[in-house]
Protein chains: 2
Amino acid sequence: MKITMKEIAKEANVSVATVSHVINGTKQISKETHSRVMGVVRKYNYMPNQAAKTLKRQKTMTAALVVSSLPDTFVSELTYGVEERAREMGYHLMLVNTNENVPYEKETINVLHSNMVDGIILSPTSSDLEYLNEFTEAGFPIVLVNRYHPVVKNTPRVTGDNYQTGYDATLHLLEHGHRDIGIIYGVPDVSTTNDRIRGYRDALEAYGIPFNEDYLELGAATKKGAATAAEKLLTRSRKISALFILNDLMTIGTISKLKEMNLLIPDDVAIIGFGDFPSAEIIDPPVTNIIQPPEQIGRIAFDILLDKIENPESVKHVELPANLVIRKSCGC
Amino acid sequence: MKITMKEIAKEANVSVATVSHVINGTKQISKETHSRVMGVVRKYNYMPNQAAKTLKRQKTMTAALVVSSLPDTFVSELTYGVEERAREMGYHLMLVNTNENVPYEKETINVLHSNMVDGIILSPTSSDLEYLNEFTEAGFPIVLVNRYHPVVKNTPRVTGDNYQTGYDATLHLLEHGHRDIGIIYGVPDVSTTNDRIRGYRDALEAYGIPFNEDYLELGAATKKGAATAAEKLLTRSRKISALFILNDLMTIGTISKLKEMNLLIPDDVAIIGFGDFPSAEIIDPPVTNIIQPPEQIGRIAFDILLDKIENPESVKHVELPANLVIRKSCGC
DNA sequence: GTTATTAGGTTAAACGTTTAACCTCTTTTC
DNA sequence: GAAAAGAGGTTAAACGTTTAACCTAATAAC
C-alpha cells in the first residue's frame, strides 16, 4: 500500500499534525524536527494523498479545459497555451472533448463541478448556454473561450475579434476588385461564425453590395466538407471570384478541390483563409490567412480563470486582435 | 455551499447510507424510497463529492497522459485518441506536457501517483527511465507510448514499428537509385529516432553502402531547425541526393529551405517525410510520407492501461505497422 | 520575581463519502 | 407454528489530510 502521513509521523516520532506543518510550512518547526521529518519523507518518497487534501481543503488545484472538438489546429494550440500556463501556475489540467455533443457537455460540467476541478475553461458546442447560469450563480468559476453567448451572465470570456477579422478579410478582397465573395464556414450558429459573417456583411454594405445568402456554404470544418462546399458554391453561383474560408482544414480542402477543377488561384478564384497552418507559405500560391493567436488565447483564458477563482466578482472580457498575413492567394 | 449527501438524506428522510445505496445501486431499496431520494437528488442536481469518493474508494476513475511536447501533430492526434477512448470508458483524462524536461517529468509522475490518477500513459522525454521502476514495482500502472526503453521492467508499451519504417523509407529511396541519403531527426537519443536510424543503416547495409555519420543532422523537431539542418547537410555533403525527414514540421521546414535554395524536388533532392499532414497532397510536389496512426496508438494505449489497472500482472507490447504513402516528392 | 509572550509541539474534529455489520420486520419453509 | 431467509433500512467506522484549539517549557518584560 501507499505510505501515509501517519506512518511518516510514527517513524519520525512526531504527530501527524507536525508532519503536515513541516510539509506545508504552516507553523514554526525546530530545525531538528524539520530535518528528521523531511528525512523520512524523502526516504519513502512520500507525497500527500491528493484526495484527502482536496476533501479537507476544498480546493483541487486543477482546472479543466472543455472543448467541443479536439482534432483541430486551433483547439490544439489553444490547449497548448492553457496547459502551459496551468503548469506554470502550479495547476493541473483536465482535458475533455465533448465532441459537439450538448447533453454530454452539460453532464461534463456537472461532474467537474463536484469537487473535481476548481474551475473550467469552456469552448462550448452551441449557443444554448443558459444552463451555465446555475453554476456561475452558485459561484463556480467558468470562463468562456472562443465561442460565447450573451445569455450567460457574469462570465468572463476571451475570444478573437471575429467581427473585425471578417470585416478586414472581406475588405481586402473588395479592394482587389472582387464583388462576389463566397464564404465557407465550419459550424453553423456559433458566435465565431456569426461574428465573422457579420463583419463580412458590413464590409459589403460599406461598398454598397447586397448580401447574398447563396454565397454561404457549410464546410463542416473538414477538408472533405469544404471541398464539396466549394464545388457547390462555384457551380451554383458562377460569378464568385473569391472565397473566404473559416478554418485551416477547410482552406486546404478548398485548395485541393480548386486544383482538381483546374481553377487558378488567385486568377480564377482568390482565397483568404482563417487560421494559419505550418505549410501555408510553401503551398503554391502561398496562402493569405487571418491569423489568430490560439496559444495566447489559451494562456490568457487561464489567467482569467485564476482571477475568477480568487476574485469571484471579477468579470473580464478580452477580445484579441487578429492579423491578416498577406501572401499570394488573395491576389497580392 | 455545495450540497452534500447529508442534506439530501435529511430532506428525503433517510440515512446517508441509504442515499449512497440508491445512487450506487449497491443494495435493494424499495420503490418508494428510491424515487423519494432520486427526487431530492434531481431537485438539487446533486453530484457526489469526487474527493470524498476517491478517498474512500481509492480509485479516481481518471487517467493521465504525460507527453514531452504538445505542439506537435503526432502528439495532438495521440491525445485525441486517448481522450476519446477514456471518455468512452467513463474515465477522465488529465493532460500534462513535460516540455522535454526530465526532472519535471519525474516530479509529475510522483504527484500523479499520489491518488490523483489510477494510471499513466507516458511518452517519455529521455531514455533514462530507471526511475519508473519504483512506481511500477509498487503496482502503479504505467504504459509507455511511442518512446520506450528496455530498462523499464514489466511495463506495457505501444509504439509504431519505427525500425521497419526506417528500413522501408530508405529502401524506397535506394530503389530510386539514391546512394547518398541524409536524415534529419528531431530529438537525439530516444527510441523512435534510434530505431528509425537503425532501419536506415540496415537498409543501406543490404545494398552494401557504408553508413556515414555526416549524413545525419539534428532538426530539433521544428521548421526552423530543419531548415538550417537541411542547409548544413546539403552544403557539407554535396553528394546527398535524397532526404529522409523524421517529422512533419521538419518536412515543411526542409521543403521551404529547398525552395529558397532553388533546388528542385525530387530532381535535385528527393524527399520522404515521417508523419502525414493535412496539406501534404496539395504541396508541389505532393509529399511522400510514412504515415503512422497516432490516434489508434492512443486508443490502444488507453485500453492497455485499463487492462493493466484491472490485471496488474499483464504486460502487453503492441507495435503498430506504418505505411509508406507514395506521392511525388520521392521521385515516383 | 511575577506575568506575558513565544517557540514548538500535540489533540481532536472535521471534510463527504462508502460499506461492513447490525437491526427489525415480513415472508417462506417444512 | 417455530426457524430460516430475505427485504429494506440504519449505525458507525473508516479513508488521509488540515487546522483551530490547546498545552508546556523557556524566554522576555517590567
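Cut-offs applied
Residues numbered from 1 in each chain as written. Chains lettered and ligands numbered in written order. Predicted model: local features only at pLDDT ≥ 70, side-chain atom pairs only at ≥ 80, totals over all residues. Heavy atoms only, no water. Near = heavy atom within 4 Å. Polar contact = N/O pair within 3.5 Å; in protein donor to acceptor, adjacent residues only side chain to side chain. Helix = DSSP H or I, 4+ residues; strand = E, 2+ residues; numbered from the N terminus. Nonpolar A, V, L, I, M, F, W, Y, C, P; charged D, E, K, R; others polar. UniProt positions renumbered as here; feature names shortened; annotations may be inferred. Least-squares fit on C-alpha atoms with pLDDT ≥ 70 in both. Buried < 20%, exposed > 50% of the residue type's maximum accessible area, 1.4 Å probe, protein only. Pairing = 2+ DSSP bridges. Axes fitted to C-alpha atoms, helices over the stretch in contact; angles between N-to-C directions. Parallel < 35°, antiparallel > 145°, perpendicular 65-115°, else oblique. Left-handed = near helix turned anticlockwise from the far one by under 90°. Contact = heavy atoms within 4.5 Å. Domains from an automatic or database assignment. Phe/Tyr/Trp six-rings, centres within 6.5 Å; stacked < 30°, edge-to-face > 60°. Lys NZ or Arg CZ within 6 Å of the ring centre and 35° of its normal. Salt bridge = Lys/Arg side-chain N within 4 Å of Asp/Glu carboxyl O. Core = buried A, V, L, I, M, F, W, Y, C linked by side-chain atoms within 4.5 Å.

- Named according to an unreviewed UniProt entry, chain A is LacI family transcriptional regulator originating from Bhargavaea cecembensis.

1. Looking at the protein's contact with DNA strand C
Moving on, step 1. Among the 26 residues in the neighbourhood of DNA strand C, the closest are listed as Thr18, Lys27, Gln28, Ser30 and Thr33 of chain A.
Moving on, step 2. A share of 63% of the atoms of DNA strand C within 4 Å of the protein falls on sugar and phosphate groups.
Moving on, step 3. A distance of 3.2 Å is found between a phosphate oxygen of DNA strand C and a side-chain nitrogen or oxygen belonging to Asn24 of chain B.
Moving on, step 4. With respect to DNA strand C, the side chain of Tyr46 of chain B contributes an N or O atom lying 2.7 Å from a phosphate oxygen.
Moving on, step 5. Going through the elements one at a time, helix 2 (16–24) and helix 4 (50–57) of chain A together with helix 2 (16–24) and helix 4 (50–57) of chain B are the ones with two or more residues in the surface near DNA strand C.
Moving on, step 6. Across the surface near DNA strand C, the residue classes tally to nine nonpolar, 11 polar and six charged.

2. Some details on the protein's contact with DNA strand D
Moving on, step 1. By nearness alone, 26 residues border DNA strand D, and Ser20 of chain A together with Thr18, Lys27, Gln28 and Thr33 of chain B come closest of all.
Moving on, step 2. Within 4 Å of the protein, the atoms of DNA strand D are drawn from sugar and phosphate moieties in a proportion of 65%.
Moving on, step 3. In this structure, Ser15 of chain B approaches DNA strand D through a side-chain N or O atom, which is 2.8 Å from a phosphate oxygen.
Moving on, step 4. Elements supplying a minimum of two residues to the surface near DNA strand D: helix 2 and helix 4 of chain A together with helix 2 and helix 4 of chain B.
Moving on, step 5. Residues of the surface near DNA strand D, tallied by class, amount to nine nonpolar, 11 polar and six charged.

3. Structural notes on the UniProt feature "domain: HTH lacI-type" (unreviewed entry) in chain A
Moving on, step 1. Summarizing the sequence annotation, UniProt attributes the feature "domain: HTH lacI-type" (unreviewed entry) to residues 3–57 of chain A in the numbering used throughout.
Moving on, step 2. A distance of 20 Å separates the end C-alpha atoms of residues 3–57 of chain A, which is 71% helix and 0% strand.

4. Description of the relation of the copies chain B and chain A
Moving on, step 1. Of the two same-sequence chains, chain B is brought onto chain A (RMSD 0.2 Å, axial shift 0.1 Å) by a rotation of 180°. Classification of the inter-copy transformation places it as that of a two-fold axis.

5. Topic: the pairing of strand 8 (residues 242–245) of chain B
Residues and elements named next belong to chain B.
Moving on, step 1. Neither face of strand 8 is exposed, since Ala242 and Phe244 on one face and Leu243 and Ile245 on the opposite face are all buried.
Moving on, step 2. Sheet topology note: the strand 6 (residues 181–185)/strand 8 ladder contains four bridges and is parallel. By the bridge assignment, Ile181 is partnered in strand 8 with Ala242.
Moving on, step 3. In this sheet, strand 9 (residues 270–274) lies alongside strand 8 in parallel orientation, the contact comprising four bridges. Each residue of the ladder has a partner; that of Leu243, found in strand 9, is Ile271.

6. Details of the sheet that holds strand 7 (residues 216–218) of chain A
Residues and elements named next belong to chain A.
Moving on, step 1. What the six strands build is an open sheet, ordered 7-6-8-9-10-12; its pairing is mixed. Each edge of the open sheet is held by one strand with a lone partner, namely strand 7 and strand 12 (323–325). Here the strands of the sheet are splayed against their neighbours by 20° on average, with no regard to which way each runs.
Moving on, step 2. Two elements, strand 6 (residues 181–185) and strand 7, share three bridges in a ladder whose sense is parallel. Counted as the bridge partner of Tyr185 is Leu218 from strand 7.

7. What to know about the packing of helix 5 (residues 73–88) of chain A against helix 12 (residues 294–310) of chain A
Each packed pair of helices is defined by two parameters, the angle between the axes and the distance between the axes.
Residues and elements named next belong to chain A.
Moving on, step 1. As a packed pair, helix 5 and helix 12 sit with axes 7 Å apart at the nearest point and diverge in direction by 40°. The orientation of helix 5 relative to helix 12 falls into the category oblique. Crossing geometry of helix 5 relative to helix 12 is assigned as right-handed. Facing helix 5, whose interface residues are Phe74, Glu77, Leu78, Tyr80, Gly81, Val82, Glu84, Arg85, Ala86 and Glu88, helix 12 presents Pro294, Glu295, Ile297, Gly298, Arg299, Phe302 and Asp303.
Moving on, step 2. Here the residues of the contact of helix 5 with helix 12 are counted per class, giving eight nonpolar, two polar and seven charged.

8. What to know about the domain arrangement of chain A
Moving on, step 1. Taken domain by domain, chain A consists of domain 1 (5–48), domain 2 (59–160 + 294–321) and domain 3 (162–292).
Moving on, step 2. Summarising the inter-unit geometry, the C-alpha centres of domain 1 of chain A and domain 2 of chain A are found 37 Å apart.

9. A short note on the side chain of Thr60 of chain B
Residue and element names in this part refer to chain B.
Moving on, step 1. Counting through the fold element by element, Thr60 comes out in the loop between helix 4 and strand 1 (62–67).
Moving on, step 2. The exposure class assigned to Thr60 is buried, which follows from its relative accessible area of 6%.
Moving on, step 3. At 3.0 Å, the side chain of Thr60 forms a polar contact with the backbone nitrogen of Thr62.

10. Remarks on the packing of aromatic side chains
Moving on, step 1. Tallied over the entire structure, the rule returns eight aromatic pairs over all chains.
Moving on, step 2. Consider the rings of Tyr91 of chain B and Phe302 of chain B, whose centres lie 5.6 Å apart with planes at 75°: the pair is edge-to-face. Residue Tyr91 of chain B is located in the loop between helix 5 (73–88) and strand 2 (92–97), and its partner Phe302 of chain B is located in helix 12 (residues 294–310); the two are separated by 211 residues in the primary sequence.
Moving on, step 3. Of the residues examined, Tyr91 of chain B reaches a relative accessible area of 10% and is grouped as buried.
Moving on, step 4. On the basis of relative accessibility, which here comes to 0%, the residue Phe302 of chain B falls in the buried class.
Moving on, step 5. Geometry around Tyr148 of chain A places Arg157 of chain A over its ring, the cationic atom sitting 4.1 Å from the centre.
Moving on, step 6. Cation over ring: Arg201 of chain B sits above Phe211 of chain B, and NZ or CZ is 3.9 Å from the ring centre.

11. Things to note about the UniProt feature "domain: HTH cro/C1-type" (unreviewed entry) in chain A
Moving on, step 1. According to UniProt, the "domain: HTH cro/C1-type" (unreviewed entry) feature falls on residues 2–33 of chain A.
Moving on, step 2. In residues 2–33 of chain A, the share of helix is 62% and the share of strand is 0%. The end C-alpha atoms are 23 Å apart.

12. A word on the pattern of salt bridges
All names here are of chain A.
Moving on, step 1. Inspection of the entire model under this criterion finds 36 salt bridges over all chains.
Moving on, step 2. For Glu137, the salt bridge identified is with Lys153, shortest N-O distance 3.5 Å. Of this pair, Glu137 sits in helix 7 (residues 133–137) while Lys153 sits in the loop between strand 4 (142–145) and strand 5 (157–160), and the two are 16 residues apart along the sequence.
Moving on, step 3. Accessibility expressed as a relative area gives 47% for Lys153, which makes it partly exposed.
Moving on, step 4. In this structure, Glu217 and Arg236 form a salt bridge, with 2.9 Å as the shortest nitrogen-oxygen distance.

13. Some remarks on the nonpolar core
Moving on, step 1. Within the largest apolar cluster, 86 residues are counted, with the highest numbers of intra-cluster contacts made by Ile184 of chain A together with Ile184 of chain B.
Moving on, step 2. In contact with Ile184 of chain A, not counting residues within four places along its chain, are Glu217, Gly219, Ala226, Ala229, Ala230, Leu233, Leu243, Phe244, Ile245, Leu246, Met250 and Thr254 of chain A.
Moving on, step 3. With 50 residues, the next largest nonpolar core counts Leu78 of chain A together with Val145, Ile304 and Leu320 of chain B among its residues.

14. What about the sheet that holds strand 12 (residues 323–325) of chain B?
All names here are of chain B.
Moving on, step 1. Within the open sheet, the six strands sit side by side as 7-6-8-9-10-12. Their pairing is mixed. Strands with a single pairing partner mark the edges of an open sheet, and in this sheet they are strand 7 (216–218) and strand 12. Going from strand to strand, the sheet's axes swing by 20° on average, the running direction of each strand aside.
Moving on, step 2. Helix-sheet contacts for helix 9 (residues 191–206) involve strand 6, strand 7 and strand 9, and the interaxial angle to strand 6 is about 175°.
Moving on, step 3. The sheet contacts of helix 11 (residues 248–260) involve strand 6, strand 8 and strand 9, and relative to strand 9 the element is tilted by about 160°.

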